[in-house]
Amino acid sequence: MIDFYGFITTMSWRVGIALEELGLAYRFHSLHLGRGEQRAPEHAARNPMQKVPVIVDHAPKGGGTGITVFESGGIILYLAEKTDRLIPTGTRERAEFWTWFFWIIASYGQDVGLCGAAFHRDPRYRLDKQTDYGRTTYEFFTEASIAAHHKLDARLAEREYVGGREFSLADVAAIGSTVPLRLHGIESLDGLPNLARWYEQMRKRPAVAKGLALGRDGRSGLPADYEAALFDDGWETRAKPGRAS
Ligand SMILES: N[C@@H](CCC(=O)N[C@@H](CS)C(=O)NCC(=O)O)C(=O)O
């Protein structure tokens, strides 16, 4: 059994989706970030960064005492290794996979996440767009996010999936960050056809839907329109019939 500590955030979605894709048994514990539950001493003991997501695996491969892992990229790699799934075999396939997996973790996820966190949720980063500084910074983050989505679209023009020819952990890592696209400067996927195709494919996966639903219990305290944008509610109405397989 795995204890999973998370909230309705892009990094937590990565972990929920990975657990569901891999069919692992877990218990979800929602830590309300707005109420500061991530800073409680028992959580700080699991993650000195006082953030989510975190997992505690009580039945690790090879036995022994429980293993605690934080950092979404590290957690999902741990889970993939535990099950020997979602990472390709073969030197070339793995090299391609690692390249794109770490681009998602270190570049795409950061560029889009900063854009969302900076201007839509975290009061520490809520800048005054009326000032020159606020406007310039807002534009900087939004442009970086839009550019990252275009790079992902270009990648998906050459391969069906982010990490290569097969569905992999790179897709799991990416979809969590892509869902709140309306908060990340992407009003429409019309100019991003490859990303649109992949996005619809991912959203139709049952494990993705289950992972996204974790902790969405109506108690987030977020404004309803913000929460709807966070989950990109109504994405189906944008989907073009027959595009995603
Ligand atoms: N690089 C970390 C980022 C974790 C992170 O920033 N978590 C945020 C939510 S997405 C959090 O817990 N914030 C609470 C806080 O900073 O107080 C990961 O990928 O897990």
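Before reading on, note that the structure itself is shown above.
Calculation rules
Residues numbered from 1 in each chain as written. Predicted model: local features only at pLDDT ≥ 70, side-chain atom pairs only at ≥ 80, totals over all residues. Heavy atoms only, no water. Salt bridge = Lys/Arg side-chain N within 4 Å of Asp/Glu carboxyl O. Helix = DSSP H or I, 4+ residues; strand = E, 2+ residues; numbered from the N terminus. Axes fitted to C-alpha atoms, helices over the stretch in contact; angles between N-to-C directions. Parallel < 35°, antiparallel > 145°, perpendicular 65-115°, else oblique. Left-handed = near helix turned anticlockwise from the far one by under 90°. Contact = heavy atoms within 4.5 Å. Nonpolar A, V, L, I, M, F, W, Y, C, P; charged D, E, K, R; others polar. Near = heavy atom within 4 Å. Polar contact = N/O pair within 3.5 Å; in protein donor to acceptor, adjacent residues only side chain to side chain.

Draft legend 1. Main features of the pattern of salt bridges. Taken as a whole and assessed by the stated rule, the structure comprises twelve salt bridges. Across the salt bridge formed by Glu 37 and Arg 35, the nearest N and O atoms sit 3.6 Å from each other. Between Arg 182 and Asp 232 there is a salt bridge, and its shortest N-O distance comes to 3.1 Å. Taken together, the positions of Arg 182 in the loop between helix H6 (169-178) and helix H7 (193-203) and Asp 232 in the segment after helix H9 (224-230) put the pair 50 residues apart, joining distant regions of the chain.

Draft legend 2. Up close: the packing of helix H1 (residues 10-22) against H6. It is the contact of H1 with H6, at a shortest axis distance of 8 Å, that shows an interaxial angle of 140 degrees. When the axis of H1 is compared with that of H6, the two are oblique. For the element pair H1 and H6, the recorded crossing hand is right-handed. Where H1 abuts H6, its residues Thr 10, Trp 13, Arg 14, Ile 17, Ala 18 and Glu 21 lie against Val 172, Ala 173, Ile 175, Gly 176 and Ser 177. Among the residues forming the contact of H1 with H6, the class breakdown is six nonpolar, three polar and two charged.

Draft legend 3. Focus on the site of the ligand. Neighbouring the ligand are eleven residues, the closest being Gln 38, Lys 51, Val 52, Glu 71 and Ser 72. Between the ligand and Glu 71 there is a distance of 2.8 Å, counted from a nitrogen atom to a side-chain nitrogen or oxygen. Between the ligand and the protein, one listed contact pairs an oxygen atom with a side-chain N or O atom of Ser 72 at 2.6 Å. Grouping the constituent residues of the shell around the ligand by class yields four nonpolar, three polar and four charged.

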